[in-house]
Amino acid sequence: SQTIHQWPATLVQPVGSPLSLECTVEGTSNPNLYWYRQAAGRGLQLLFYSVGIGQISSEVPQNLSASRPQDRQFILSSKKLLLSDSGFYLCAWNRDSYEQYFGPGTRLTVT
Amino acid sequence: QKEVEQNSGPLSVPEGAIASLNCTYSDRVSQSFFWYRQYSGKSPELIMSIYSNGDKEDGRFTAQLNKASQYVSLLIRDSQPSDSATYLCAVRPNAGNNRKLIWGLGTSLAVNP
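In this report, the structure presented in the accompanying data block is examined. (Residues numbered from 1 in each chain as written. Chains lettered and ligands numbered in written order. Predicted model: local features only at pLDDT ≥ 70, side-chain atom pairs only at ≥ 80, totals over all residues. Heavy atoms only, no water.)

1. Concerning unusual backbone geometry
Right, so step 1: For the bond running from Trp-7 of chain A to Pro-8 of chain A, omega is 0°, close enough to zero to count as cis.
Right, so step 2: Summarising the element assignment, Pro-8 of chain A is placed in the loop between β1 (3-7) and β2 (10-13).
Right, so step 3: At the junction of Gly-9 of chain B and Pro-10 of chain B, the peptide bond is cis and its omega measures out at 10° in the coordinates.
Right, so step 4: With respect to the helices, strands and loops of the structure, Pro-10 of chain B is situated in the loop between β1 (4-6) and β2 (11-14).
Right, so step 5: Residues other than glycine seldom take positive phi values, yet Asn-30 of chain A does so here, at roughly 50°.
Right, so step 6: By the element assignment, Asn-30 of chain A lies in the loop between β3 (19-26) and β4 (32-38).
Right, so step 7: The class for Asn-30 of chain A is partly exposed, based on a relative accessible area of 43%.
Right, so step 8: One non-glycine residue, Asp-78 of chain B, adopts positive backbone phi at about 50°.
Right, so step 9: With respect to the element layout, Asp-78 of chain B can be found in the loop between β8 (71-76) and β9 (85-92). (Helix = DSSP H or I, 4+ residues; strand = E, 2+ residues; numbered from the N terminus. Buried < 20%, exposed > 50% of the residue type's maximum accessible area, 1.4 Å probe, protein only.)

2. Quick look at the pairing of β4 of chain A
Residues and elements named next belong to chain A.
Right, so step 1: Burial runs high along β4: 7 of the 7 residues are buried.
Right, so step 2: Burial along β4 is two-sided: Asn-32, Tyr-34, Tyr-36 and Gln-38 and Leu-33, Trp-35 and Arg-37, pointing in opposite directions, are all buried.
Right, so step 3: Where β4 lies against strand β9 (residues 87-94), 7 bridges are found, and the strand directions are antiparallel. Considered in β9, the bridge of Tyr-36 is made with Leu-90.
Right, so step 4: Following β4, the chain reverses through 5 residues before pairing antiparallel with strand β5 (residues 44-52); Gly-41 in that reversal takes a positive phi of roughly 70°. (Pairing = 2+ DSSP bridges.)

3. Section: the pattern of salt bridges
Between side chains of opposite charge, a pair can form as their charged atoms come close.
All names here are of chain A.
Right, so step 1: One pass over the structure, following the stated rule, counts 7 salt bridges over all chains.
Right, so step 2: Between Arg-37 and Asp-85 there is a salt bridge; the shortest N-O distance is 3.4 Å. Of the two residues, Arg-37 sits in strand β4 while Asp-85 sits in the loop between β8 (73-78) and β9, which places them 48 residues apart along the sequence. In terms of burial, Arg-37 and Asp-85 fall into one category: buried.
Right, so step 3: Close ionic contact of Asp-71 with Arg-68 constitutes a salt bridge, the shortest N to O distance being 3.4 Å. (Salt bridge = Lys/Arg side-chain N within 4 Å of Asp/Glu carboxyl O.)

4. Overview of the state of the cysteines
Residues and elements named next belong to chain B.
Right, so step 1: The final tally for this structure, using the stated rule, is 2 disulfides over all chains.
Right, so step 2: The disulfide partner of Cys-23 is Cys-89, and the gap between their sulfur atoms is 2.0 Å. Judged by the sign of its S-S torsion, about -70°, the bond between Cys-23 and Cys-89 is left-handed. On the criterion of sequence distance, the pair formed by Cys-23 in strand β3 (residues 19-25) and Cys-89 in strand β9 is long-range, its members being 66 residues apart. Across the pair, Cys-89 and Cys-23 agree in class, each one buried. (Disulfide = S-S within 2.5 Å.)

5. Let's talk about the packing of aromatic side chains
What characterises a pair of aromatic rings is the spacing of the ring centres plus the angle enclosed by the ring planes.
Residue and element names in this part refer to chain B.
Right, so step 1: Summed over the entire model, instances satisfying the criterion amount to 11 aromatic pairs over all chains.
Right, so step 2: Ring centres of Phe-34 and Tyr-51 lie 6.1 Å apart, and the angle between their planes is 90°; this geometry places the pair in the edge-to-face category. In this pair, Phe-34 is assigned in strand β4 (residues 32-38) and Tyr-51 in the loop between β5 (45-50) and β6 (54-58), connecting sequence segments 17 residues apart.
Right, so step 3: With a relative accessible area of 1%, Phe-34 lands in the buried category.
Right, so step 4: Judged by relative accessible area, which is 32%, Tyr-51 ranks as partly exposed.
Right, so step 5: Ring geometry for Tyr-36 versus Trp-103: centroids 4.9 Å apart, planes at 55°, classification tilted. With Tyr-36 in strand β4 and Trp-103 in strand β10 (residues 102-103), this pair connects stretches of sequence that are 67 residues apart.
Right, so step 6: With a relative accessible area of 10%, Trp-103 lands in the buried category. (Phe/Tyr/Trp six-rings, centres within 6.5 Å; stacked < 30°, edge-to-face > 60°.)

The structure is reproduced here in structure tokens:
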């Protein structure tokens with residue numbers, strides 16, 4: 001069966017510091033991968049999605065970036081965090097169907 | 001702009017009752033529809049997907065789709081306190097190879113013992 005991992009689970013970072021969140025999927029190959037952010041009391045905002053290694057589509061202009069260095073690895077990064085980057089970051093995957101399956105998430109607080 | 005709308009709630013029902021959650025969408029050519037449950041502080045988990053008009057049942061959950069009226073609903077029979085969560089509706093907006101989903105803001109459900 002497939003499993004999706006995210007780490008870290010929680011993170012507290014000061015404004016202006018860098019960020020790196022990692023997501024990995026096990027038990028499948030060539031998945032579609034997605035990064036979402038869910039701010040407090042708000043809906044799911046799609047940030048990036050990827051259909052293959054090195055292929056990244058950006059949905060919202062911001063100070064975040066994403067990379068996919070390996071087939072089942074998806075990384076979300078920032079060079080300088082803003083207060084508005086606080087939120088619950090979720091990685092999701094799908095492959096042959098349209099249902100998306102989420103990882104456990106990373107709760108980021110920027111102070 | 002393609003939208004998915006849900007009543008934010010909270011929807012409060014007594015234990016054992018039927019909870020009815022509704023979702024409307026703006027894109028008439030939407031093809032696929034999904035209901036997710038999200039407990040506080042946790043990630044969303046898929047409950048049901050529905051692709052054709054009519055009802056689809058899975059245990060205590062029934063999804064209902066009416067493409068002509070552009071709404072999809074989720075019924076939870078014999079509601080339990082453990083069903084208390086936010087329910088997210090998601091829609092795949094059009095045909096083709098687009099795998100992105102449009103999300104509603106969710107309806108908060110409280111099942112009272």
